[in-house]
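What follows is each chain in one-letter form.
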Amino acid sequence: MSLLDQLAEKHILAALRQGELDDLPGSGRPLQLDDDSHVPAELRAGYRILKNSGYLQPELEMRREALELDELLRTVDPADQRYQQQEQRLRLLEIKLRQAGICTDFLHGGYGGKVQQHFLEEK
């Protein structure tokens with residue numbers, strides 16, 4: 001056991017004896033572990049740090065931004081100059097997403113529109 005491991009173990013045991021680790025959130029419940037079996041063992045710690053800090057893969061970040069722009073465009077008047085700029089940005093993001101192999105149906109109400117149409121037909 002390395003010196004660092006020994007120090008960590010010593011502090012953990014001291015905290016246990018003093019009751020500092022009692023009544024922690026989630027105490028007594030099973031851990032929710034991520035399935036990182038597809039990530040090489042030497043990269044898992046780095047991936048976990050990136051994930052916990054809110055980092056998204058570039059494709060997912062573009063998807064998130066496209067969704068935000070789509071929502072924004074629904075609230076802006078199409079005659080507004082900013083509308084045209086943001087719409088161009090959205091179209092560029094859509095092209096980049098398609099090039100990355102990501103389906104962009106979520107921007108066109110694909111599934112949601114079909115569900116809505118189905119319920120309208122039932123009436």
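In what follows, the structure referred to is the one given above.
Residues numbered from 1 in each chain as written. Predicted model: local features only at pLDDT ≥ 70, side-chain atom pairs only at ≥ 80, totals over all residues. Heavy atoms only, no water.

**Here we look at the nonpolar core**
1) Next: Core analysis: the largest hydrophobic core is formed by nine residues, namely Met62, Ala66, Leu69, Leu73, Tyr83, Leu90, Leu93, Leu97 and Leu107.
2) Next: Put simply, the parts of the chain that give this core at least two residues each are helix H3 (58-75) and helix H4 (81-99). (Core = buried A, V, L, I, M, F, W, Y, C linked by side-chain atoms within 4.5 Å. Buried < 20%, exposed > 50% of the residue type's maximum accessible area, 1.4 Å probe, protein only. Helix = DSSP H or I, 4+ residues; strand = E, 2+ residues; numbered from the N terminus.)

**Concerning H4**
1) Next: Counted at 1.5 Å a residue, the expected span for H4 with its 19 residues is 27 Å, and the 28 Å between its end C-alpha atoms agrees.
2) Next: Along H4, the positions that sit buried rather than exposed are Tyr83, Leu90, Leu93, Glu94 and Leu97. The buried residues of H4 occupy an angular sector of 105° when projected down its axis, which confines them to one face. Facing away from the buried side of H4 by more than 90 degrees, the exposed set consists of Gln81, Gln88 and Gln99.
3) Next: Tucked inside the fold, the buried residues of H4 contact H3.
4) Next: Just downstream of H4, Gly101 is the residue with a positive phi angle, here 85°. (Expected span 1.5 Å × (residues − 1). Arc of directions from axis to C-beta. Contact = heavy atoms within 4.5 Å.)

**Focus on the side chain of Thr104**
1) Next: Tracing the sequence through the fold places Thr104 in the loop between H4 and helix H5 (110-122).
2) Next: On the basis of relative accessible area, Thr104 is assigned to the buried category, the value being 4%.
3) Next: Thr104 has contacts with Glu94, Leu97 and Arg98, leaving out every residue within four places of it along the chain.

**Digging into unusual backbone geometry**
1) Next: Despite not being glycine, Asp23 shows a phi value in the positive range, around 55°.
2) Next: Take Asp23: it is sitting in the loop between helix H1 (3-17) and helix H2 (44-52).
3) Next: On the basis of relative accessibility, which here comes to 75%, the residue Asp23 falls in the exposed class.

**Topic: the pattern of salt bridges**
1) Next: Applying the stated criterion to the full structure yields seven salt bridges.
2) Next: Measuring nitrogen to oxygen at the nearest pair gives 2.8 Å for the salt bridge that ties Glu94 to Arg98. Taken together, the residues Glu94 and Arg98, both in helix H4 and four residues apart, mark about one turn of the helix.
3) Next: Ionic contacts of the salt-bridge type, sharing partners, join the residues Glu61, Arg64 and Glu68 into one network. (Salt bridge = Lys/Arg side-chain N within 4 Å of Asp/Glu carboxyl O.)

**Observations regarding the layout of surface pockets**
1) Next: Of the volumes computed, that of the largest pocket is approximately 380 Å³.
2) Next: Along its surface, the largest pocket is lined by 14 residues, and Val39, Tyr47, Arg48, Lys51 and Gln57 are the ones closest to its centre.
3) Next: If one sorts the elements of the lining of the largest pocket by residue count, H2 sits on top with five residues.
4) Next: For the lining of the largest pocket, the class distribution of residues is six nonpolar, two polar and six charged. (1 Å grid on protein atoms, 1.4 Å probe; cavity = no way out; pocket = protein on both sides within 12 Å on 5 of 7 lines; lining within 4 Å. Points joined across faces, edges and corners; volume = space filled by probe spheres on them. Nonpolar A, V, L, I, M, F, W, Y, C, P; charged D, E, K, R; others polar.)

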